Amino acid sequence: MGSNTNRSIYWTLLEHADWNIHLAASSEGLCYIGSQNRPFEELAGWTNARFPACTLIRDDEKLKRYAAELREYLQGARQRFTIPFDVQGTPFQRAVWHALCGIPYGQTRSYSDIAGEIGRPAAVRAVGAAIGANPILITIPCHRVIGKNGALTGYRGGIGMKTKLLQLERDGASVDPSRPAAGARS
């Protein structure tokens, strides 16, 4: 994302079954996905911390494409996102997020797996911090990262949301394992 001055961030509320999720995008692409059933203040706080000079504008029409792909994912009908992303991060964070996108739909990896994949096997805690900084839940599939012992570990959206997403993918992967991964982009 570019300069923080006079920037507009557009948002909408995706409502699907028991999922209420705030989405936000810049003119460049999706920049934020909130936690399940959290208030608008979560989005407003995130935006204020990262882009204090921006204006938040509700624009359901502008975010229709993003909401449609996310809704399809939540229905089990989509495993690959084609929408543009607009995320800022350090080179290390971006490397971690890129590695997350390589985790196949319906599968999991450990933090140490991700650290090894990016060539930094001793940086497991830093990998965890980078995963925690992921601004676009689901589309960069940080929910697919678990503890080395198989335990579900921290997730910005909460362990309940992580559990639901993993179950959704397990159910979807067993139905059609030939569909490409959710984090992959054409």
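Since the model is a prediction, treat every value here as computed from it, not as a measurement.

Novice: An account of the UniProt feature "active site" (unreviewed entry) in the protein is needed here, citing residue identities and associated values.
Specialist: Per the UniProt record, "active site" (unreviewed entry) is annotated on Cys142. With respect to the helices, strands and loops of the structure, Cys142 is situated in the loop between helix H5 (124-132) and strand E6 (145-146). Cys142 gets classed as buried once you look at its relative accessible area, which sits at 2%.

Novice: If you had to explain helix H1 (residues 40-50) to someone new, which residues and values would you point to?
Specialist: All of the buried residues in H1 are Glu42, Leu43, Trp46 and Thr47. Buried residues of H1, viewed axially, fall in a sector of 125 degrees; they line one side. More than 90 degrees from the buried face of H1, the exposed residues found are Glu41, Asn48 and Ala49. For H1, the secondary structure elements touched by its buried residues are strand E1 (8-16), strand E2 (19-25), strand E3 (30-33) and strand E4 (55-58).

Novice: Talk me through the sheet that holds E4; I want residue IDs and the actual numbers.
Specialist: Strands pair in a sheet through their backbones, by hydrogen bonds, and they do so in one of two ways: parallel or antiparallel. With mixed pairing, 4 strands are arranged side by side in an open sheet as E3-E2-E1-E4. Each end of this open sheet is capped by a strand with a single partner; those strands are E3 and E4. On average, each strand axis in the sheet is inclined to that of its neighbour by 30 degrees, with strand direction left out of account. Inspection of the sheet shows E2 paired to E3 by 3 bridges, in the antiparallel sense. Looking at E3, one finds that Ala25 is bridged to Leu30. In this fold helix H2 (residues 64-74) packs onto E1, E2 and E3, with an angle of close to 30 degrees to the strand it touches most, E1.

Novice: An account of the side chain of Ser35 is requested, with residue identities and associated values reported.
Specialist: Mapping Ser35 onto the fold places it in the loop between E3 and H1. Classification of Ser35 as buried rests on a relative accessible area of 1%. Here Glu42 takes part through its side chain, which lies 2.7 Å from a polar atom of the side chain of Ser35. A distance of 3.3 Å separates a polar atom in the side chain of Ser35 from the backbone oxygen of Arg156. In contact with Ser35, other than residues within four places in its own chain, are Asn20, Ile21, Glu42, Leu137, Arg156, Gly157 and Met161.

Conventions adopted
Residues numbered from 1 in each chain as written. Predicted model: local features only at pLDDT ≥ 70, side-chain atom pairs only at ≥ 80, totals over all residues. Heavy atoms only, no water. UniProt positions renumbered as here; feature names shortened; annotations may be inferred. Helix = DSSP H or I, 4+ residues; strand = E, 2+ residues; numbered from the N terminus. Buried < 20%, exposed > 50% of the residue type's maximum accessible area, 1.4 Å probe, protein only. Arc of directions from axis to C-beta. Contact = heavy atoms within 4.5 Å. Pairing = 2+ DSSP bridges. Axes fitted to C-alpha atoms, helices over the stretch in contact; angles between N-to-C directions. Polar contact = N/O pair within 3.5 Å; in protein donor to acceptor, adjacent residues only side chain to side chain.

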